[in-house]
Amino acid sequence: MQTLTISLLIIDTIALITLVLLQSGKSAGLSGAISGGAEQVFGKQKARGIDKVLHRATIVTGVLFFVLAFISGYLIG
């Protein structure tokens, strides 16, 4: 059981890293950092298409990462 959990954790880690690297940047440079917060508050930026799928997949793999990390910690300890 411990080996299966660790293997799934490694696969999930690689998937999470890949998904994060595939996402496009939300802003460019310092000027984007200043105006980016205002655009998110007022709802100008809405994810569409592949960006939305990548965003949701990143959330799912992130949650799965934490669950698997807790389970593997419980099984080892």
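Definitions and cut-offs
- Residues numbered from 1 in each chain as written.
- Predicted model: local features only at pLDDT ≥ 70, side-chain atom pairs only at ≥ 80, totals over all residues.
- Heavy atoms only, no water.
- Helix = DSSP H or I, 4+ residues; strand = E, 2+ residues; numbered from the N terminus.
- Buried < 20%, exposed > 50% of the residue type's maximum accessible area, 1.4 Å probe, protein only.
- Contact = heavy atoms within 4.5 Å.
- Areas by Shrake-Rupley, 256 points an atom, 1.4 Å probe, with all protein chains shown as cover.
- pLDDT = per-residue confidence, 0-100.
- Phe/Tyr/Trp six-rings, centres within 6.5 Å; stacked < 30°, edge-to-face > 60°.
- Axes fitted to C-alpha atoms, helices over the stretch in contact; angles between N-to-C directions.
- Parallel < 35°, antiparallel > 145°, perpendicular 65-115°, else oblique.
- Left-handed = near helix turned anticlockwise from the far one by under 90°.
- Nonpolar A, V, L, I, M, F, W, Y, C, P; charged D, E, K, R; others polar.
- Lys, Arg positive; Asp, Glu negative; His and termini not counted.
- Salt bridge = Lys/Arg side-chain N within 4 Å of Asp/Glu carboxyl O.

Draft legend 1. Looking closely at the overall build of the protein. Regarding its fold elements, the protein presents 3 helices and 0 strands. Tracing the protein from N to C terminus, the helices and strands come up as α-α-α. Relative to its 77 residues, the protein shows a buried fraction of 16%. Here the contacts in the protein between residues at least 6 apart in sequence split such that 92% fall between residues at least 24 apart. Only carbon and sulfur atoms are counted for the fraction: they give 71% of the accessible area of the protein, which is about 6100 Å².

Draft legend 2. Summary view of the side chain of Thr5. Mapped onto the fold, Thr5 is located in helix α1 (residues 2-22). In this structure Thr5 comes out as buried when scored by relative accessible area, which is 5%. If sequence neighbours within four positions are ignored, Thr5 has contacts with Leu68, Ile71, Ser72 and Leu75.

Draft legend 3. Broad picture of the confidence of the model for the protein. Averaged over all residues, the pLDDT of the protein equals 83, while 71% of them reach at least 70. Within the protein, the element-level pLDDT minimum falls on helix α2 (residues 29-42), averaging 53, and the maximum on α1, averaging 96.

Draft legend 4. A look at the packing of aromatic side chains. Under the definition given, this model contains 1 aromatic pair. Where Phe65 meets Phe66, the ring centres are 5.6 Å apart and the plane angle is 80°; that geometry is what we call edge-to-face.

Draft legend 5. The packing of α1 against helix α3 (residues 50-76), seen in detail. Two numbers describe how α1 lies on α3: the axes approach to 9 Å, and their chain directions differ by 155°. One element, α1, and the other, α3, form an angle in the roughly antiparallel class. Judged by the twist between their axes, the crossing of α1 over α3 is left-handed. For the contact of α1 with α3, the class distribution of residues is 16 nonpolar, 7 polar and 1 charged.

Draft legend 6. Structural view of the side chain of Asp12. Along the chain, Asp12 falls in helix α1. Of the side chains bearing the opposite charge, Arg56 lies closest to the buried Asp12, which forms no salt bridge; the N-O distance is 17 Å.

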